[in-house]
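Per-entry structural report
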Amino acid sequence: ESDVVSLLKKMGIKTYGETKVKPCFSFAHFSFPQKLIDSIAKQNYFEPTEIQKQGIPLAMSGIDMIGIAKTGSGKTGAFIWPMLIHIMNQPKNKPKIKEQPINTEIDKNGTHKEYNLEVKGPKGLILAPTRELTMQIFNETKKYSKILGLKVTCIYGGVSKHEQLREIEKTIPDIIVATPGRFIDILKSDDSTNLSNISFLVLDEADKMLNMGFETQVKSICSNIRPDRQTLLFSATFPKKIEYLCKSVMTNATKVVVGDLG
Ligand code: ADP
Ligand code: MG
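Every value quoted in this text rests on a predicted model; they were computed, and no experiment measured them. (Residues numbered from 1 in each chain as written. Chains lettered and ligands numbered in written order. Predicted model: local features only at pLDDT ≥ 70, side-chain atom pairs only at ≥ 80, totals over all residues.)

1. Focus on the UniProt feature "short sequence motif: Q motif" (unreviewed entry) in the chain
Within this structure's numbering, the places UniProt gives as "short sequence motif: Q motif" (unreviewed entry) are residues 25-53. Secondary structure content for residues 25-53 is 45% helix and 0% strand, and the end C-alpha separation is 6 Å. (UniProt positions renumbered as here; feature names shortened; annotations may be inferred. Helix = DSSP H or I, 4+ residues; strand = E, 2+ residues; numbered from the N terminus.)

Here it is, written out as structure tokens:
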């Protein structure tokens, strides 16, 4: 038995999958930028939780990961911090610049209309089952995104769709936190929210999303995001239907289970 496996056993952590990565016991050892380490310290988090110790190094190695741990075990940090680091390393949303390709079209008055096909759109998407959960994740993300120069927007049902569309247009977010139903609505009525730059996808509280009947929407969103993305899925339980969802939306995922669940 390898050192890593026996170490994890002592911690009550099991991993399943090809990728074995050592857990990290300190925030200083995740290779986070100093300003992120500082803002985590401001939250009075002294050490990573178990799912963070093993989940973060796995997520930062670029693989697809399934995290199963009970409610209150710190799963949010396990995906937010690696997502922010991943996106920081992507090209930034740029304002319109001349060098970008311009499409010309002759409109009905015979004059040329110019369209600037600038590359913009979110780079990270987090799906969660309810408005309350998206707001929690949004607020949690904001604590760290600003100092890293990234912008985040929250999208949920029960409020004006147009307000939320305006918010997206105004913010030009790097990260969107959304409920699946409203996110699809937004995509239908806004062709400027393009998914082609999303390279990091998180499905949070996946068991609850399925229990609430979001399976079709979640799959449909996933199938419209580039297949070379990194996907993380978190859940407090791991029933068969989550296993099937993982098979259909993830590639060679490594599963981390904390405690006696799943
Ligand atoms: P889960 O998503 O697994 O239910 P959360 O991410 O919501 O758990 O975290 C539960 C609580 O633990 C939150 O109040 C959060 O601020 C806190 N928390 C997260 N990570 C740590 C940590 N490393 N040290 C101390 N508290 C933490
Ligand atoms: Mg959670």
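Resuming the write-up.
2. Looking at the sheet that holds strand β7 (residues 175-178)
The strand order across the open sheet formed by 8 strands is β1-β10-β2-β9-β8-β5-β7-β6, and the pairing between neighbours is mixed. Unpaired on one side and paired on the other, β1 (13-16) and β6 (152-155) mark the two borders of the sheet. Across the sheet, the mean angle separating the axes of adjacent strands is 15 degrees when strand polarity is ignored. By the bridge criterion, 4 bridges tie β6 to β7 in an arrangement that is parallel. By the bridge assignment for β7, Cys-154 is matched with Val-177. Most of the contacts of helix α7 (residues 180-189) go to β6, to which it runs at about 105 degrees, and overall it touches β5 (124-127), β6 and β7. (Pairing = 2+ DSSP bridges. Axes fitted to C-alpha atoms, helices over the stretch in contact; angles between N-to-C directions. Contact = placed C-beta atoms within 7 Å.)

3. Some thoughts on the site of ligand 1
Taken together, Tyr-45, Pro-48, Thr-49, Gln-52, Ala-69, Thr-71, Gly-72, Ser-73, Gly-74, Lys-75, Thr-76 and Gly-77 are the residues near ligand 1. At 3 residues, the largest contribution of residues to the shell around ligand 1 is made by helix α4 (residues 75-88). Among the residues making up the shell around ligand 1, the classes are represented as 3 nonpolar, 8 polar and 1 charged. (Near = placed C-beta within 6 Å. Nonpolar A, V, L, I, M, F, W, Y, C, P; charged D, E, K, R; others polar.)

4. Concerning the nonpolar core
In terms of nonpolar packing, the biggest core is built from 60 residues, with Leu-127 and Val-177 touching the most fellow members. In terms of residues, this core owes the most to one element, α4, which gives 7 residues. For Leu-127, the residues in contact, after removing those within four places along its chain, are Ala-178, Pro-180, Leu-203, Asp-204, Met-209, Val-218 and Ile-221. (Core = buried A, V, L, I, M, F, W, Y, C linked by C-beta atoms within 7 Å. Buried ≥ 20, exposed ≤ 12 C-beta atoms within 10 Å, placed from the backbone.)

5. What about the pairing of β5?
Side chains of β5 alternate between two faces, with Gly-124 and Ile-126 and Leu-125 and Leu-127 buried alike. Pairing of β5 with β7, which is carried by 4 bridges, proceeds in the parallel orientation. Residue Gly-124 lies in a different strand from β7, and its bridge partner there is Ile-175. Judged from the 4 bridges that link them, β5 and strand β8 (residues 200-203) form a sheet pairing that is parallel. Following the sheet pairing, Ile-126 is matched in β8 by Val-202.

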